[in-house]
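# Chains, contacts and geometry: an overview
These are the residues of each chain, in order.
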Amino acid sequence: QIKEWKGHIPSVKMKKIHWRRIESKKALTDDSFWQTIEPVDFDRTSFQQLFEARVASKRRTSGAKKSRSRARHASKSSKVSLLDSQREVNVGILLSKFKMSPEMVREAVETLDLGFLTQDVLAGLIKVLPTEEELKVLKAFKGPPSMLTDTSRFQMIVGTIHDVKTRLQHVLFMCQVPESFSSLRVSLRLVNRALRAIRSSSALKQLLHLVLSIGNHMNFGTRKGNASGFDIQLLLTLSAIKATDRKSSLLDYIVGVMEGSGKEEEEVKQQRQEQQKQQPTGGGGGGGRGFLLGGENKNHHREEKDAATARGGTGKAE
């Protein structure tokens, strides 16, 4: 199966698939999944029309390019922010959910108040903790904390807790252990079921064969061509490979081929079922019935013979 792909030479220059090949030594071993893939053919003429590599025409841009300037507007309030504007917004949104002052949050962290430190709160606190660069800026500030915005003051107060990030991560892990074990059991069952489904899926084997065949066709004559297998991460990027009309993608084409292949198989099954229904059943049924009747007649003759023998033996005795 693998060697036949060498002979498919594209008649035009094709777009390329940037995949990570699996070496033949690994792909062609007896226990490799690539040894079980099932062939699915595709129309190479129409495919080449869709995914031919064409030189894009240069478009002239009218007017000057729009410059994106991020001018910072001075705050109307007298509060001082030591954070980046976007960071100031993100931290402020998370802090609004706590509904506690920075001093109360620090006390809850230092005393490990699990009534307040729920999983959601812990995860949120870890996100808003000051980074190393932010800590340097906060420590360099010489003014009173009251001059700072709520977010900057929060980070300054929480940042004074020794090894605060590690402490919060340990508490979060402790809270997540029971739930993690339970979800892990469920996940393992799902993984086992998924693996069994993958190994036995005929549609998946056909899909991988089709992608491999298309990829070898597109990469013909390059170092990435004539592959025996590929990293399945490629499947996530098929929609990014656009056709020449820019309206459809390689994923759309593959789905169409697979749907057409499935319809053909269904039509073949229906034709076989109709042929079986149209076959005459009288001879077969009569033969079966005759066999039964023949068996019944043989038993009946055997019973009469036994009865006659018994009568003859009785007459001699008399």
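Residues numbered from 1 in each chain as written. Predicted model: local features only at pLDDT ≥ 70, side-chain atom pairs only at ≥ 80, totals over all residues. Heavy atoms only, no water.

Moving on, we come to the confidence of the model for the protein chain. When pLDDT is averaged along the protein chain, the result is 75, and 72% of the positions lie at 70 or above. This model gives residues 314-318 a pLDDT under 50, and the stretch forms zero contacts once residues within four places in sequence are excluded. (pLDDT = per-residue confidence, 0-100. Contact = heavy atoms within 4.5 Å.)

This structure, assessed with the given rule, holds three salt bridges. Taking the shortest distance from any N to any O, the salt bridge between Asp231 and Arg20 comes out at 2.5 Å. Here the residue Asp231 occupies a position in the loop between helix H9 (202-218) and helix H10 (250-278), and Arg20 occupies one in the segment before helix H1 (24-27), the gap between them amounting to 211 residues. The class of Arg20 is exposed, set by a relative accessible area of 60%. With a shortest N-O distance of 2.9 Å, Glu134 and Arg87 are connected by a salt bridge. Taken together, the positions of Glu134 in helix H6 (residues 132-140) and Arg87 in helix H3 (residues 85-98) put the pair 47 residues apart, joining distant regions of the chain. (Salt bridge = Lys/Arg side-chain N within 4 Å of Asp/Glu carboxyl O. Helix = DSSP H or I, 4+ residues; strand = E, 2+ residues; numbered from the N terminus. Buried < 20%, exposed > 50% of the residue type's maximum accessible area, 1.4 Å probe, protein only.)

Val177 marks the point of greatest bend in helix H8 (residues 164-200), at about 50°, and the proline Pro178 comes within the next four residues. Along H8, the residues classified as buried are Val164, Leu168, Val171 and Leu172. Where H8 is buried, its residues touch helix H4 (102-111), helix H5 (119-128) and helix H7 (150-158). (Bend = angle between axes of the 7 residues up to and from the residue.)

Before going further, it helps to spend a moment on a nonpolar patch on the surface. A contiguous nonpolar surface patch, about 310 Å² in accessible area, is contributed by Phe181, Leu184 and Leu188. Mapping Leu184 onto the fold places it in helix H8. (Patch = residues over 30% accessible without salt bridge, like charges linked within 9 Å, V, L, I, M, F, W, Y side chains within 5 Å. Areas by Shrake-Rupley, 256 points an atom, 1.4 Å probe, with all protein chains shown as cover.)

Relative orientation of the contacting elements H4 and H7 amounts to 30°, with a least axis distance of 9 Å. Of the possible angle classes, the one that applies to H4 and H7 is roughly parallel. When you trace H4 past H7, the crossing you get is right-handed. When H4 is examined against H7, the residues Pro102, Glu103, Val105 and Arg106 are found in contact with a partner set consisting of Arg153, Phe154, Ile157 and Val158. Here the contact of H4 with H7 is built from residues that sort into five nonpolar, no polar and three charged. (Axes fitted to C-alpha atoms, helices over the stretch in contact; angles between N-to-C directions. Parallel < 35°, antiparallel > 145°, perpendicular 65-115°, else oblique. Left-handed = near helix turned anticlockwise from the far one by under 90°. Nonpolar A, V, L, I, M, F, W, Y, C, P; charged D, E, K, R; others polar.)

Right, let's get into the packing of aromatic side chains. The final tally for this structure, using the stated rule, is five aromatic pairs. When the centroid spacing of 5.0 Å and the interplanar angle of 55° are considered together, the rings of Phe47 and Tyr253 count as tilted. Of this pair, Phe47 sits in helix H2 (residues 44-50) while Tyr253 sits in helix H10, and the two are 206 residues apart along the sequence. We note that Phe47, like Tyr253, is buried. The class of Tyr253 is buried, set by a relative accessible area of 13%. One cation-aromatic arrangement involves Arg44 over Phe42; the distance from NZ or CZ to the ring centre is 4.3 Å. (Phe/Tyr/Trp six-rings, centres within 6.5 Å; stacked < 30°, edge-to-face > 60°. Lys NZ or Arg CZ within 6 Å of the ring centre and 35° of its normal.)

Let's shift gears to the nonpolar core. Formed by 27 residues in total, the largest nonpolar core has its most connected members in Phe47, Phe51, Ile214 and Leu250. Mapped by element, the contributors of at least two residues to this core are H9 and H10. Sort the elements by how many residues they give to this core and H9 lands first, with six residues. Non-local contacts of Ile214, meaning those with residues more than four positions away in its chain, are made with Phe42, Phe47, Leu250, Tyr253 and Ile254. Within the second largest apolar cluster, 21 residues are counted, among which are Val109, Leu117, Val158 and Leu168. (Core = buried A, V, L, I, M, F, W, Y, C linked by side-chain atoms within 4.5 Å.)

Mapped onto the elements, Asn216 comes out in helix H9. Between the C-alpha atoms of Asn216 and Asn226, which are ten residues apart in sequence, the distance is 5.4 Å.

This paragraph deals with the environment of Ser248. Along the polypeptide, Ser248 turns up in the loop between H9 and H10. Other than its neighbours up to four places away in sequence, Ser248 contacts Lys242 and Ala243.

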